[in-house]
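# Structural overview for review
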Amino acid sequence: MRELSDDHRPRISPVQVDSGMSKTLHHGLEILELLTSYPHGLSVTDIADGIGVHRTVAHRLIRTLEAHHLCRKDTFKRVTLGAGLVTLAEPVEQDLRTLARPILEELADATEATAHLVVRESDTEVRALMVVEPRSARMHVAFRPGQVDPIDRGSAGLSMLASLPPADGERDEVRLARARGYASTIGEITPSVHGISAAVPGRRGDAITSIGISAFHADDQDALGAEVIAAAQKLGSLLR
């Protein structure tokens, strides 16, 4: 059975390849992005279809990634991500993640919701850097670190936009978030899921960061917003 179809093809961040870029490297990185959506692996043919190249090209790219331990093949010749990625990822914002973890754990347990640390990836996208699930909740939202979303959708991105000076054409939700100190959305990233986020003050340069929660219910939104603001301010004080 084929793994990929037009209706279920995983989303890969669109990158326009120009003359100053390596097309081969671009395709190799696309393979890694594709595999993040398939933890149980894909065949070489499905990978070729997923990134739009010939099977022979996909095979050469996979062999190269295997040599660097960035992907591997199991006994059924299915390709999965390799352990070498852990070594590459470990130094990324290590200080930020180290400081944020206990704050996220405390926030997740206090709100019984999944807590997350999100950083701005570009002018148009944000990326989840860390996700911490509550230890005592009967049910909770689950998603993996590394997820990329539009900056103008979802509470994390909106809270970052609210930390910037007002801009023409910005959403009403951004203006509201600027006024109350946190952004709140429902179902913008995941259907029926409430997101509440606050920007972390005092980050260096333009590396804007937010702390937030994702929950199935947000009965007392202001109380949850206050918890999120306090967590963001606590992290901000540590980063100064």
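Residues numbered from 1 in each chain as written. Predicted model: local features only at pLDDT ≥ 70, side-chain atom pairs only at ≥ 80, totals over all residues. Heavy atoms only, no water.

## A short note on the overall build of the chain
Note the following rule: Numbering of helices and strands runs from the N terminus; a helix is a DSSP stretch of H or I covering at least four residues, while a strand is a stretch of E covering at least two. For each residue, the accessible area found with a 1.4 Å probe, counting protein chains only, is set against the maximum for its type, and the residue is called buried under 20%, exposed over 50%, and partly exposed in between. Throughout, a residue-residue contact means that at least one pair of heavy atoms, one from each residue, lies within 4.5 Å. Values of accessible area rely on a 1.4 Å probe in the Shrake-Rupley scheme; residue burial ignores everything except the protein chains shown.
Within the chain one finds 8 helices and 8 strands. Looking at the chain as a whole, 41% of its 240 residues are labelled buried. In the chain, of all internal contacts separated by at least 6 residues, the share reaching a separation of at least 24 is 55%. Total accessible area computed for the chain in this model is approximately 13,700 Å², and 53% of it derives from carbon and sulfur atoms.

## Section: the pairing of strand β4 (residues 125-132)
Side-chain positions along a regular strand alternate between the two faces of the sheet. Test applied: For two strands to count as paired, DSSP must find a minimum of two bridges between them.
Within β4, 6 of the 8 residues are buried, which leaves it mostly tucked inside the rest of the structure. Strand direction decides the pairing type here: strand β3 (residues 114-120) and β4, joined by 6 bridges, are antiparallel. Looking across to β4, one finds that A115 is bridged to V132. Counted along the chain from β3 to the antiparallel partner β4, the turn is 4 residues long. Bridge count for β4 against strand β5 (residues 148-150) is 3 bridges, and the pairing is antiparallel. Paired with V126 across the strands is D149, a residue of β5.

## Considering the pairing of strand β8 (residues 209-215)
Burial analysis of β8 places 7 of its 7 residues in the buried class, the great majority of the element. Burial of the side chains of β8 extends over both faces: T209, I211, I213 and A215 are buried on one face and S210, G212 and S214 on the other. As paired strands, β3 and β8 are joined by 6 bridges and run antiparallel to one another. Within the sheet, the bridge partner assigned to V118 lies in β8 and is S210.

## Things to note about the sheet that holds strand β6 (residues 183-186)
Put simply, the test is: To obtain each axis, a line is fitted to C-alpha atoms, and for helices this fit is confined to the stretch in contact; angles are then taken between N-to-C directions over 0 to 180 degrees.
The strand order across the open sheet built from 6 strands is β5-β4-β3-β8-β7-β6, with neighbouring strands paired in antiparallel fashion. At either margin of the open sheet sits one strand with a lone partner, and together these are β5 and β6. The average undirected angle you get between the axes of adjacent strands in this sheet is 30°. For strand β7 (residues 194-199) and β8, the ladder comprises 6 bridges, and the chain directions are antiparallel. Residue pairing for β8: G195 is matched across the bridge by S214. In this fold helix α5 (residues 94-111) packs onto β3, β4 and β8, with an angle of close to 70° to the strand it touches most, β4.

## Brief notes about helix α3 (residues 55-67)
Short version of the rule: What a helix is expected to span follows from its residue count: subtract one and scale by 1.5 Å.
Helix length check: α3 (13 residues) gives 18 Å between terminal C-alpha atoms against 18 Å at 1.5 Å per residue, within 8%. Packing partners of the buried residues in α3 comprise α1 (23-35), α2 (44-51), β1 (71-73) and β2 (79-81). H69, located one to two residues past α3, shows a positive phi value of around 60°.

## Overview of the side chain of S159
With respect to the helices and strands, the residue S159 is situated in helix α6 (residues 155-162). Setting aside residues no more than four positions away along its own chain, S159 makes contact with A183, S197, A198, A199 and S210.

## A look at unusual backbone geometry
A positive phi is found at H69, a non-glycine position, where the angle reads about 60°. By secondary structure assignment, the location of H69 is in the loop between α3 and β1. On the accessibility criterion, H69 (56% relative accessible area) is exposed. Although it is not a glycine, E112 sits at a positive phi angle of roughly 55°.

## With respect to the nonpolar core
The line we're drawing: Joining through side-chain atoms within 4.5 Å is the link that ties buried Ala, Val, Leu, Ile, Met, Phe, Trp, Tyr and Cys residues into a set, and such a set is a nonpolar core.
L104, L107, L117, I196, I211, I213 and L235 are the most contacted members of the largest nonpolar core, which has 26 residues in total. Going through the elements one at a time, α5, β3, β4, β7, β8 and α8 (221-239) are the ones with two or more residues in this core. Here this core takes 6 residues from α5, the largest share from any one element. The residues touching L117, leaving out its near neighbours within four places in the chain, are L96, A100, L104, R127, A128, L129, M130, T209, S210, I211 and L235. L32, V44, A58 and L70 belong to the second largest nonpolar core, which has 18 residues in total.

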